Amino acid sequence: MSLTLAAAAASATNSIAGSFRPRRARSGSTHRTGAPVRRNSLEEGSFEDDFFLVPAKGETDRLLRLARHALDAGRRLKREARKAGRGLSARERTIAAITAATVRVYEELLTLARLNRGRVYPSYDWLAEATALGRDTISRALNALEKAGFLVRQRRFRRRPTKDGGPRWEQTSNAYRPLVPDAIMSLLPRWLRPAPVPVDVLQQQQDRAEDQQVMLASLSSSERVRAMGDSPLLKALARLGKAVDLAECES
């Protein structure tokens, strides 16, 4: 099925939040200024507009219900596995790792997402103070949420004053984006799973995607990229497309 214009723009946005690393320090090593910057960190302020998403009305409440049902599903899986004398599969272990503390941490992240229009970047100390949990518990909860697909986490670093001659960079709090965990939907109650899309709607989406592909094919490279959105990556692609169009015209 052809990609819709919105899907193409979403794909480009995801690449910024995922594989595209603007102004990144050398991964896993000490920055050339001497500051420790952790692997796969992005500079604060260089990606957040494309990373954060404003949650829809009621979405944070739905995600919290999903997390609570995942907690119940994990307990049920462990009980059934002990009764049958078998081990848990990799996916079952992911669900079983969700604890009450995990759900409490997720509740705090979702509250921040609702109040701050999706912009969530609390420090470990802030989460520990808000939930009355230890830093190690916070760390395990975030790891469990990320592995289960409940959130995306992005490390960040920032510039710091250099009056004392020290390093110019320092690690700062992570950025978090809550997600619907597609990988575990089959383990949750049926009423929590998304309803299947009607066949006529799928056909309309396919027809619309084909019409958009025909329209895009009639545009030049730079016009095609501009039609997909206005993110930093798309602007860079538009400049590249303009250069390609110019080279084609000269040839």
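Residues numbered from 1 in each chain as written. Predicted model: local features only at pLDDT ≥ 70, side-chain atom pairs only at ≥ 80, totals over all residues. Heavy atoms only, no water.

Looking at the overall build of the protein
Convention followed: Only DSSP runs of H or I reaching four residues or more are called helices, and only runs of E reaching two or more are called strands; each is numbered from the N terminus. Partly exposed describes any residue whose relative accessible area lies between the buried limit of under 20% and the exposed limit of over 50%, with all areas from a 1.4 Å probe on protein chains only and scaled to the type maximum. Contacts between residues were defined by any pair of non-hydrogen atoms, one from each residue, lying within 4.5 Å. Only the protein chains shown count as cover for residues, with accessible areas throughout obtained via the Shrake-Rupley method and a probe of 1.4 Å.
When helices and strands are counted, the protein shows 10 helices and 3 strands. Per-residue burial over the protein gives 35% buried out of 251 residues. Put simply, 67% of the contacts in the protein that link residues at least 6 apart link residues at least 24 apart. Taken as a whole, the protein presents about 15000 Å² of accessible surface, with 51% of it coming from carbon and sulfur.

Some details on the packing of helix 3 (residues 59-84) against helix 5 (residues 100-115)
How two helices pack is summed up by the angle between their axes together with the distance between the axes. Test applied: For helices, the axis comes from a line fit to the C-alpha atoms of the stretch in contact; other axes are also lines fit to C-alpha atoms, and the angle between any two N-to-C directions lies between 0 and 180 degrees. Working definition: roughly parallel below 35 degrees, roughly antiparallel above 145 degrees, roughly perpendicular at 65 to 115 degrees, and oblique for all remaining angles. Any residue outside Ala, Val, Leu, Ile, Met, Phe, Trp, Tyr, Cys, Pro, Asp, Glu, Lys and Arg is labelled polar, Gly included; the first ten of those are nonpolar and the last four are charged.
Look at helix 3 against helix 5: their axes get within 9 Å of each other, and the N-to-C directions meet at 170 degrees. On the basis of their axis angle, the class for helix 3 and helix 5 is roughly antiparallel. Side by side, helix 3 and helix 5 meet where Thr60, Asp61, Leu63, Leu64, Ala67, Arg68, Leu71 and Arg75 of the first sit next to Ala100, Val103, Tyr106, Glu107, Leu110, Ala113 and Arg114 of the second. In terms of residue class, the contact of helix 3 with helix 5 is built from 9 nonpolar, 1 polar and 5 charged.

A word on helix 5
We count it as follows: Any helix carries an expected span of 1.5 Å times its number of residues minus one.
Taking 1.5 Å of rise per residue, 16 residues should cover 22 Å, and helix 5 covers 23 Å from first to last C-alpha, within 8% of that figure. Buried residues of helix 5: Ala101, Thr102, Val103, Val105, Tyr106, Glu108, Leu109, Leu110, Leu112 and Ala113, and no others. In this structure, the buried residues of helix 5 make contact with helix 3, helix 6 (124-131), helix 7 (135-148), strand 2 (151-159) and strand 3 (169-178).

Brief notes about the side chain of Glu108
Which entries qualify depends on this criterion: Polar contacts, as used here, are pairs of N or O atoms within 3.5 Å; protein pairs need one atom able to donate a hydrogen and one able to accept it. Residues neighboring in sequence count only if both atoms are side-chain atoms.
Within the element layout of this structure, Glu108 appears in helix 5. Polar contacts involving the side chain of Glu108 include one to the side chain of Arg104, which spans 3.0 Å. With near-sequence residues (within four places) excluded, Glu108 lies in contact with Trp126, Leu127, Ala130 and Thr131.

So, the pattern of salt bridges
So the rule is basically this: When a carboxyl oxygen of Asp or Glu lies within 4 Å of a side-chain nitrogen of Lys or Arg, that pair is called a salt bridge.
Applying the stated rule across the entire model yields 10 salt bridges. Note that Glu170 and Arg158 form a salt bridge whose closest N and O atoms lie 2.9 Å from each other. In this pair, Glu170 is assigned in strand 3 and Arg158 in strand 2, connecting sequence segments 12 residues apart. Residue classification places Arg158 among the partly exposed residues on the basis of a relative accessible area of 32%. Members of the salt-bridge network, linked through shared partners, are Glu44, Glu48 and Arg156.

Here's the deal with helix 3
Under the 1.5 Å per step criterion, the end-to-end length of helix 3 is 37 Å for 26 residues, consistent within 8% with the ideal 38 Å. Within helix 3 the residues assigned to the buried category are Thr60, Leu63, Leu64, Leu66, Ala67, Ala70, Leu71, Ala73, Gly74, Leu77 and Ala81. In this structure, the buried residues of helix 3 make contact with helix 4 (90-96), helix 5 and strand 3. Positive backbone phi, at 65 degrees, marks Gly85, one or two positions downstream of helix 3.

What to know about the sheet that holds strand 2
Convention followed: Paired strands are those between which DSSP finds at least two bridges.
Sheet architecture is open: 3 strands sit in the order 1-2-3, paired in mixed fashion. Each edge of the open sheet carries a strand with a single partner, namely strand 1 (42-43) and strand 3. Taken together, the 8 bridges between strand 2 and strand 3 define a ladder with antiparallel strand orientation. Pairing of Arg158 across the sheet is with Glu170, part of strand 3. Running at roughly 90 degrees to strand 3, helix 5 makes contact with strand 2 and strand 3 of the sheet.

Here's the deal with the confidence of the model for the protein
Heads up, the condition is: A residue's pLDDT is simply how confident the predictor is in it, with values from 0 to 100.
Averaged over every residue, the pLDDT of the protein is 78; residues scoring 70 or more account for 67%. Counted against residues more than four places away or in other chains, residues 1-31, with its pLDDT under 50, gives 53 contacts.

Remarks on a positive patch on the surface
Put simply, the test is: For patches, a residue must show more than 30% relative accessible area and have no salt bridge; joins then use 9 Å for like charges and 5 Å for nonpolar side chains, namely Val, Leu, Ile, Met, Phe, Trp and Tyr. A residue counts as positive if it is Lys or Arg and as negative if it is Asp or Glu; His and the chain ends are not included. Lysine's charge is taken at NZ, arginine's at CZ, aspartate's at CG and glutamate's at CD.
On the surface, Arg75, Arg76, Lys78, Arg79 and Arg82 cluster together into a patch of positive charge. Counting through the fold element by element, Lys78 comes out in helix 3. Owing to a relative accessible area of 32%, Lys78 belongs among the partly exposed residues under this scheme.

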